[in-house]
Amino acid sequence: MPDRNRRVVLAERPSGMVDGRTVRMEEEDVPVPAAGEALAQVRYLSIDPTIRTWMDDAPGYLPPIAIGEVIRSGGVAEVLHSNCDSYSPGQLLFGLTGWQDYVIADDAERAMQPLPEGVSPTTALGVLGITGMTAYFGLLDVGRIKEGDTVVVSGAAGATGSTVGQIAKIKGAGTAVGIAGGPSKCAWIVDELGFDVAIDYKSSNVSERLRELCPQGIDLYFDNVGGEILDACLANLAMRGRVVLCGAISGYNDPNARGPANYLSLLIRRGRMEGFIILDYVDRFPQAQAEMAGWLASGQIKSAEHVVEGLEHAPDALNLLFTGGNTGKVMVRV
Ligand SMILES: NC(=O)c1ccc[n+]([C@@H]2O[C@H](COP(=O)([O-])OP(=O)(O)OC[C@H]3O[C@@H](n4cnc5c(N)ncnc54)[C@H](OP(=O)(O)O)[C@@H]3O)[C@@H](O)[C@H]2O)c1
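A quick note: this is a predicted structure, and the numbers were derived from the prediction, not measured.

Definitions and cut-offs
Residues numbered from 1 in each chain as written. Predicted model: local features only at pLDDT ≥ 70, side-chain atom pairs only at ≥ 80, totals over all residues. Heavy atoms only, no water. Pairing = 2+ DSSP bridges. Helix = DSSP H or I, 4+ residues; strand = E, 2+ residues; numbered from the N terminus. Axes fitted to C-alpha atoms, helices over the stretch in contact; angles between N-to-C directions. Contact = heavy atoms within 4.5 Å. Salt bridge = Lys/Arg side-chain N within 4 Å of Asp/Glu carboxyl O. Left-handed = near helix turned anticlockwise from the far one by under 90°. Nonpolar A, V, L, I, M, F, W, Y, C, P; charged D, E, K, R; others polar. Expected span 1.5 Å × (residues − 1). Buried < 20%, exposed > 50% of the residue type's maximum accessible area, 1.4 Å probe, protein only. Near = heavy atom within 4 Å. Polar contact = N/O pair within 3.5 Å; in protein donor to acceptor, adjacent residues only side chain to side chain. Areas by Shrake-Rupley, 256 points an atom, 1.4 Å probe, with all protein chains shown as cover. Phe/Tyr/Trp six-rings, centres within 6.5 Å; stacked < 30°, edge-to-face > 60°. Lys NZ or Arg CZ within 6 Å of the ring centre and 35° of its normal. Right-handed = clockwise from strand over helix to strand, strands pointing away. Disulfide = S-S within 2.5 Å.

S.K.: Can you help me understand the sheet that holds strand S13 (residues 272–275) in this one?
M.R.: Sheet strands pair via backbone hydrogen bonds, and the direction of the pair is either parallel or antiparallel. Here we have six strands laid out as an open sheet, ordered S10-S9-S8-S11-S12-S13, and parallel in their pairing. Both edges of this open sheet fall to strand S10 (197–200) and S13, since each of them pairs with a single strand only. Averaged over neighbouring strand pairs, the angle between their axes works out to 15 degrees when direction is ignored. For strand S9 (residues 175–180) and S10, the ladder comprises four bridges, and the chain directions are parallel. Bridging across to S10, Val177 finds its partner in Val197. Docked against the sheet, helix H3 (residues 130–142) engages strand S8 (150–154), strand S11 (218–223), strand S12 (237–245) and S13, running at close to 150 degrees with respect to S11. Against the sheet, helix H7 (residues 227–235) touches S8, S9, S11, S12 and S13, its axis set at about 155 degrees to S12.

S.K.: What is the right way to look at the pattern of salt bridges in this model?
M.R.: Opposite charge on two side chains permits pairing when their charged atoms draw close. Scanning the model with the defined rule gives 20 salt bridges in all. Notably, a salt bridge pairs Arg21 with Asp19, separated by 2.9 Å at the nearest N-O pair. Here the salt bridges share partners, and the residues they tie into one network are Arg7, Arg24, Glu26 and Glu28.

S.K.: Would you explain the packing of helix H6 (residues 206–213) against H7 in this entry?
M.R.: Angle between the axes and distance between the axes are the two parameters that describe a pair of packed helices. Interaxial distance between H6 and H7 falls to 9 Å at its minimum, and their mutual angle equals 35 degrees. Here H6 runs over H7; the crossing is right-handed. Contacts between H6 and H7 involve Val206, Ser207 and Leu210 from the former and Ala232, Cys233 and Ala235 from the latter. In the contact of H6 with H7, the residues fall into five nonpolar, one polar and no charged.

S.K.: Whenever I open this one, helix H4 (residues 159–170) confuses me. Can you help?
M.R.: Because each turn of an α-helix spans 3.6 residues, side chains separated by three or four positions end up pointing in the same direction. Helix length check: H4 (12 residues) gives 17 Å between terminal C-alpha atoms against 16 Å at 1.5 Å per residue, within 8%. Counting buried positions along H4 gives 10 out of 12 residues, so the element sits mostly inside the fold. The set of residues buried in H4 consists of Ala159, Thr160, Gly161, Ser162, Thr163, Val164, Gly165, Gln166, Ile167 and Ala168.

S.K.: I would appreciate a short explanation of the site of the ligand in the present structure.
M.R.: Taken together, 25 residues form the shell around the ligand, and within it Ala159, Thr160, Lys185, Tyr201 and Asn326 come nearest. Take Lys185: an N or O atom from its side chain is 2.6 Å from an oxygen atom of the ligand. Measuring from a nitrogen atom of the ligand, one finds a backbone N or O atom of Cys246 at 3.0 Å. In isolation the ligand has 910 Å² of accessible area, and contact with the protein removes 90% of it. When contributions to the shell around the ligand are tallied by element, the ones reaching two or more residues are H4 and helix H10 (314–323). Here the shell around the ligand is composed, by residue class, of 14 nonpolar, 10 polar and one charged.

S.K.: Would you explain the packing of aromatic side chains in this entry?
M.R.: The relation between two aromatic rings is expressed through the spacing of the ring centres and the mutual angle of the planes. Counting across every chain of the model gives seven aromatic pairs. With a centroid separation of 6.1 Å and 35 degrees between ring planes, the pair formed by Tyr136 and Trp295 is classed as tilted. With Tyr136 in helix H3 and Trp295 in helix H9 (residues 285–298), the pair connects residues that are 159 residues apart, well separated along the chain. The two residues Tyr136 and Trp295 agree in class, both being buried. With centroids separated by 6.3 Å and ring planes inclined at 20 degrees, the aromatic side chains of Phe137 and Phe285 adopt a geometry described as stacked. Remark: Phe285 occurs in helix H9 and Phe137 occurs in helix H3; sequence separation between them is 148 residues. You can call Phe137 buried: its relative accessible area is 1%. Through a chain of ring-to-ring contacts, three or more aromatic side chains come together here, namely Tyr136, Phe137, Phe276, Tyr281, Phe285 and Trp295. A cation over an aromatic ring shows up here: Arg72 above the ring of Trp54, its NZ or CZ 4.9 Å from the ring centre.

S.K.: Quick question: what am I supposed to make of the pairing of S11 here?
M.R.: Every other side chain in a regular strand lies on the same face of the sheet, so the side chains alternate between the two faces. Among the six residues in S11, six count as buried, and that is most of the element. Alignment of S8 against S11, held across three bridges, turns out to be parallel. Opposite Val153, over in S11, you have Phe222 as the bridge partner. Note that the unit made of S11, H7 and S12 has a crossover that is right-handed.

S.K.: Mind showing me how you'd approach unusual backbone geometry here?
M.R.: When glycine is set aside, most residues are seen to have a negative phi, and most peptide bonds are trans. If you check the backbone angles, Arg144 has positive phi at about 45 degrees while not being a glycine. Checked against the element boundaries, Arg144 lands in the loop between H3 and S8. Within the chain, Arg270 stands out as a residue other than glycine whose phi angle is a positive 55 degrees. Here Arg270 lies in the loop between helix H8 (264–268) and S13.

S.K.: Would you mind showing me how to read the state of the cysteines here?
M.R.: Note on terminology: a disulfide is the covalent bond linking the sulfur atoms of two cysteines. Throughout the structure, instances matching the rule amount to zero disulfides. For the unlinked cysteine Cys186, the closest cysteine sulfur is that of Cys233, found at 14 Å. With no disulfide of its own, Cys214 lies 8.0 Å from the sulfur of Cys233, the closest cysteine sulfur. The class of Cys214 is buried, set by a relative accessible area of 4%.

In structure tokens form, the structure reads like this:
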């Protein structure tokens, strides 16, 4: 049995990006599973922008991470030792593992779920996990995509956005426009993923480009970033256009982040803007995962994974999401 558990805890609340003062690595004895529990070793962490929002002392859809508490995070862990019927050694589990080496899986809570047969840990955290489900339900359920729609996606080379664009094409989008930072990300989403066209927001005027590329307006905007890009999309909304509020990463490091200025476009164009939290869709995951697995197997969906090595590099991995240093889903291999 291992004897030490490394855990990354919140040392102080960040202002802006996470830095050396934000977190601290601690060690403790490896927890001993009681009756009805199993001990699992964390293999992969899912690195999500929302982790940064949990570090703030602000109201959210989950409580803030407390000072001194292990950083909350999804992950995949392998059962080492079990004192319950549900979990057996060697089994891979998905759940809130936290940024640490070992986690206790409690049979009564059932918060840790076995991975489906044949699904790799990185796929379970990426396209068949929360990320892929966010793309799927955000686009289909909240966005109610229709054939022929002009769809615009921001964060288009990221984990969620790259999947949204591909599903939009499968579902018959007339045009899928991706907004991403830099020429190589823009080339990748068009050449490899099948977006019709890309806008490099770092080197072009997004509003002007949208006017050129979407002359009839945007039917569906899937927003991952908020800020000025959201305003540009609102300004170019089609009649009865829909805006899916998935995230607003441009504001997560900014305590003074403001909402959109162009919201009256919704009124003028009879539009709709709706937010969602993917946790509300968990009951419907199996059907969506089955459909997604089919697209993955047939090559209609490609997934990109950006794996960072080592628990101690989890804070750097989180920052990649904000510097745009990632293409596709960021994970840490513990
Ligand atoms: N509603 C939900 O339930 C739910 C669930 C999961 C995720 N989300 C949200 O979905 C969004 C994407 O998450 P993800 O995990 O898929 O991350 P991701 O897209 O893989 O990574 C974030 C990307 O955001 C872009 N970005 C960072 N700062 C930006 C800025 N100031 N302006 C424009 N783009 C910026 C970067 O790409 P560039 O290089 O292109 O700038 C970066 O690669 C986030 O807002 C997240 O909070 C919501």
